[in-house]
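Geometric and topological summary
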Amino acid sequence: MKNTSKIYIFLGLLVLVGTILFWFFGHKPTAFESVKNTVTEELSDRNIVSIQVDSLTNIVHQVYGNDASISLSDSENYVVKIQNQGNEISNFYNDNPRLLETQDKRFSIKRTGNKVVANFKIESINQQKYAFVPTDVVYKLSEMAYNK
């Protein structure tokens, strides 16, 4: 009887060790997968500001001069076109490539070669027109205007 109980204990331990080894070597951890968003969503409200259209026009002309053309094609859009600035053209959007990919209903920025076309939505408040502009754009334009 003693030999039979020893055999059952030995077989039980063998099954336990086998199960642990199977679980340890059978379940390999999977690597983390990074998911790349194909479409960047809208910016949060803290990353976009409304600036008076006249002020934005003044700053853009101060920074880019004749290389910038600004148009208010309708009462809802403010369009800025900048060209012939070379590497400095990326300064308009503060070298932030996310702004080129972002699909936000308040603005869009497109770059092709040495040309940037930015379209900002306009809202009228107390007979003043305000454009919704990303903080990266306002920050860089203000810095460049101040340093000129």
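Look up: the structure comes first, before these words.
The following paragraphs examine the structure supplied in this document.

Reading the values: the criteria
Residues numbered from 1 in each chain as written. Predicted model: local features only at pLDDT ≥ 70, side-chain atom pairs only at ≥ 80, totals over all residues. Heavy atoms only, no water. Salt bridge = Lys/Arg side-chain N within 4 Å of Asp/Glu carboxyl O. Buried < 20%, exposed > 50% of the residue type's maximum accessible area, 1.4 Å probe, protein only. Helix = DSSP H or I, 4+ residues; strand = E, 2+ residues; numbered from the N terminus. Expected span 1.5 Å × (residues − 1). Contact = heavy atoms within 4.5 Å.

**Brief notes about the pattern of salt bridges**
This model, assessed by the stated rule, comprises two salt bridges. Between Arg 106 and Asp 104 there is a salt bridge; the shortest N-O distance is 2.9 Å. Both residues of the pair, Arg 106 and Asp 104, count as buried. Note that Glu 143 and Lys 140 form a salt bridge whose closest N and O atoms lie 3.5 Å from each other. Separated by three residues within a single helix, Glu 143 and Lys 140 lie in helix H4 (residues 135–146), roughly one turn from each other. We classify Glu 143 as partly exposed; its relative accessible area is 29%.

**A short note on H4**
An α-helical turn contains 3.6 residues, so any two residues separated by three or four positions project in the same direction. With 12 residues, H4 should cover 16 Å at 1.5 Å per step; its first-to-last C-alpha distance of 16 Å lies within 8% of that length. Along H4, the residues classified as buried are Val 137, Val 138, Lys 140, Leu 141, Met 144 and Ala 145. Of the surrounding elements, those touching the buried residues of H4 are strand E1 (48–52), helix H2 (53–64), helix H3 (98–101), strand E4 (107–112) and strand E6 (128–134).

It is worth stressing that arrangement in space is one thing and function is another; only the former is reported here.
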